[in-house]
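The chain contents come next:
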Amino acid sequence: MNWWKFLWRKKNTLTPREAASKRRMMIFIICVIFSALFWLFTKLSKENQADFHRHISFEAVPDDHVGVAQSDSLIQYTLQTIGTRLLHARFLSNRDTLRFPVDDLPFIRRNGKRIYYVTQSQLTDRLTEELEDWANVVDVQPDTVFFEPAPALTKKLPVKLEADISFAQRFDQYGTIELDPDSVVVTGPKCVMDSTTVIRTRFWDAGSLRKTTRKTLPLKPPGDGPSFTLEHHKVSVKVPVEEYTESAITLPITVECSDQQQTADLRLFPNHVNVGFLVALRDYQIVDDKMFLATVPCPQDLPDSESRLTVELQAYPAFVDVLYIRPEKVDYLILD
């Protein structure tokens, strides 16, 4: 590192001996650079080989069909030409996917199905045509690429969220989780689509949420490969979250008798219950006891073995989560 600092020192800071040493070092460095450039130019002027790869796909598939099997999606080949052109091919040339229209390809029949194929010579000809004869294409692999189409089916399927969602202490989900879109149109092989009922999202580990959270998730096709097309590839997920608090309310118990005259001689012990519930802080002020209804069945309609009446909560607000009813059962007395 010291020699680098030495080269950058200003001339007026050097002694005559240091200045002479600096000149000799600069001459040496320049000679090394020119020697390296000359060696590189000589190497790049000679003929060499380099390996390349290209993706291959099939298009113009017959109507109402999709591809279900492709033996290879990548081909390997070697280019032979001078080094400068190999560098150009490596870093500057366009190497898009090689696309072959199915209706122009030969095919064989196997188990009553058409199997299309591209031969090694066809691959070589296509590559040579793109290269415009400035390089030789050698050693193309594989020697044959097969492609099998199959009948397709299009369905509109609901989206199913795959996630592990938990909430921090005192927080919970508020309302329903929203998916946008909540269904997508999917096209794929009929043999798979017949038994497919939902489209699932990629798994989302949401962790402990403390606020309303939005997340964009990719959708998983029903199967592997390019055989499936989706109207949308992602969905937006909204998980509404609010802070909750625990509260309680005291309610009178209503006896449900078909003949209201029967309730006149009936006494309950106790005749009130406490109902505990969780409610979002934003809804706390609107909770009212008129929103709740606690009932017991008419004892005259029950078997003699029923000595206590079970309390049921027949009505309560949709925005609360009931925690308990105390007591769960009450005693009764029928006056003569």
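(A) Inspection of the sheet that holds strand E4 (residues 98-101) at higher detail. If you walk across this open sheet you meet the 4 strands as E4-E1-E3-E7, and the pairing is mixed. Here the strands that pair on one side only, and so sit at the sheet edges, are E4 and strand E7 (136-141). Adjacent strand axes in the sheet meet at a mean angle of 35 degrees, parallel and antiparallel pairs treated alike. Of the strands in this sheet, strand E1 (47-59), strand E3 (74-82), E4 and E7 are in contact with helix H4 (residues 120-131), which crosses E7 at around 145 degrees.

(B) Region of interest: the sheet that holds strand E22 (residues 309-310). Reading across from one edge, E19-E25-E22 is the order of the 3 strands in this open sheet, with antiparallel pairing throughout. Looking along the sheet, the strands with just one partner apiece sit at the ends: strand E19 (266-269) and E22. The sheet contact formed by E19 and strand E25 (residues 329-334) spans 4 bridges and is antiparallel. Looking at E25, one finds that Phe269 is bridged to Asp331.

(C) Inspection of the state of the cysteines at higher detail. Applying the stated criterion across every chain yields a total of 1 disulfide. Residue Cys257 pairs covalently with Cys298 via a disulfide, S to S 2.2 Å. Its torsion about the S-S bond being 90 degrees, the disulfide of Cys257 and Cys298 is classed as right-handed. Of the two residues, Cys257 is situated in the loop between strand E18 (241-256) and E19 and Cys298 in the loop between strand E21 (293-297) and E22; the sequence distance between them amounts to 41 residues. The buried category is assigned to Cys298, whose relative accessible area is 2%.

(D) Fine view of the environment of Phe167. Mapped onto the secondary structure, Phe167 falls in strand E9 (residues 163-167). With 44 residues separating them in the primary sequence, Phe167 and Lys211 have C-alpha atoms 9.0 Å apart. Ignoring anything within four residues of it in the chain, the contact list for Phe167 reads Asp172, Gln173, Ser208, Leu209, Val239 and Val241.

(E) Geometry of unusual backbone geometry. That bond from Asp180 to Pro181 is cis: its omega, 0 degrees, falls within 30 degrees of zero. Within the secondary structure, Pro181 is located in the loop between strand E11 (178-180) and strand E12 (183-189). The omega angle of the peptide bond from Phe269 to Pro270 is -10 degrees, so this bond is cis rather than trans. Considering the arrangement of structural elements, one finds Pro270 in the loop between E19 and strand E20 (272-280). Despite not being glycine, Ala60 has its phi angle at roughly 55 degrees, a positive value. For Ala60, the position within the fold is in the loop between E1 and strand E2 (65-70). For Ala60, a relative accessible area of 47% gives the class partly exposed. Residue Asn111 is not a glycine yet carries a positive backbone phi of 55 degrees. Structurally, Asn111 is set in the loop between strand E5 (107-110) and strand E6 (113-119).

(F) Up close: the side chain of Ser183. Locating Ser183 in the fold gives a position in strand E12. Apart from residues lying up to four places away in sequence, Ser183 is in contact with Lys156, Leu157, Pro158 and Val159.

(G) Here's a closer look at the side chain of Asp283. Looking at where Asp283 falls in the secondary structure, it is placed in the loop between E20 and E21. When near neighbours in sequence (up to four residues on either side) are disregarded, Asp283 contacts Tyr174 and Phe319.

(H) A look at the environment of Phe228. Within the fold, Phe228 resides in the loop between strand E15 (213-220) and strand E16 (229-230). Judged by its relative accessible area of 10%, Phe228 falls in the buried class. For the pair Phe228 and Met193, spaced 35 residues apart in sequence, the C-alpha separation works out to 9.5 Å. Among all residues touching Phe228, those that are not within four sequence positions of it are Thr187, Gly188, Pro189, Val192, Met193, Pro221, Pro222 and Gly223.

(I) Quick peek at a nonpolar patch on the surface. Judged by side-chain polarity, Phe269, Leu333 and Leu335 come together as a nonpolar surface patch covering roughly 260 Å² of accessible area. Within the secondary structure, Phe269 sits in strand E19. With a relative accessible area of 45%, Phe269 lands in the partly exposed category.

(J) Expanded view of the environment of Asp194. In this structure, Asp194 sits in the loop between helix H5 (190-193) and strand E13 (199-201). Note on Asp194: relative accessible area 48%, which makes it partly exposed. For the pair Asp194 and Lys155, spaced 39 residues apart in sequence, the C-alpha separation works out to 9.1 Å. Ignoring anything within four residues of it in the chain, the contact list for Asp194 reads Leu153 and Lys155.

(K) Looking closely at H4. The end-to-end C-alpha distance of H4 is 17 Å, a good match for the 16 Å that 12 residues give at a rise of 1.5 Å each. Along H4, the residues classified as buried are Leu123, Leu127 and Leu131. Projected onto a plane normal to the axis of H4, the buried residues spread over an arc of 70 degrees and lie on a single side. Exposed residues lying more than 90 degrees from the buried face of H4 are Asp125 and Glu129.

What counts as what
- Residues numbered from 1 in each chain as written.
- Predicted model: local features only at pLDDT ≥ 70, side-chain atom pairs only at ≥ 80, totals over all residues.
- Heavy atoms only, no water.
- Pairing = 2+ DSSP bridges.
- Helix = DSSP H or I, 4+ residues; strand = E, 2+ residues; numbered from the N terminus.
- Axes fitted to C-alpha atoms, helices over the stretch in contact; angles between N-to-C directions.
- Contact = heavy atoms within 4.5 Å.
- Disulfide = S-S within 2.5 Å.
- Buried < 20%, exposed > 50% of the residue type's maximum accessible area, 1.4 Å probe, protein only.
- Patch = residues over 30% accessible without salt bridge, like charges linked within 9 Å, V, L, I, M, F, W, Y side chains within 5 Å.
- Areas by Shrake-Rupley, 256 points an atom, 1.4 Å probe, with all protein chains shown as cover.
- Salt bridge = Lys/Arg side-chain N within 4 Å of Asp/Glu carboxyl O.
- Expected span 1.5 Å × (residues − 1).
- Arc of directions from axis to C-beta.

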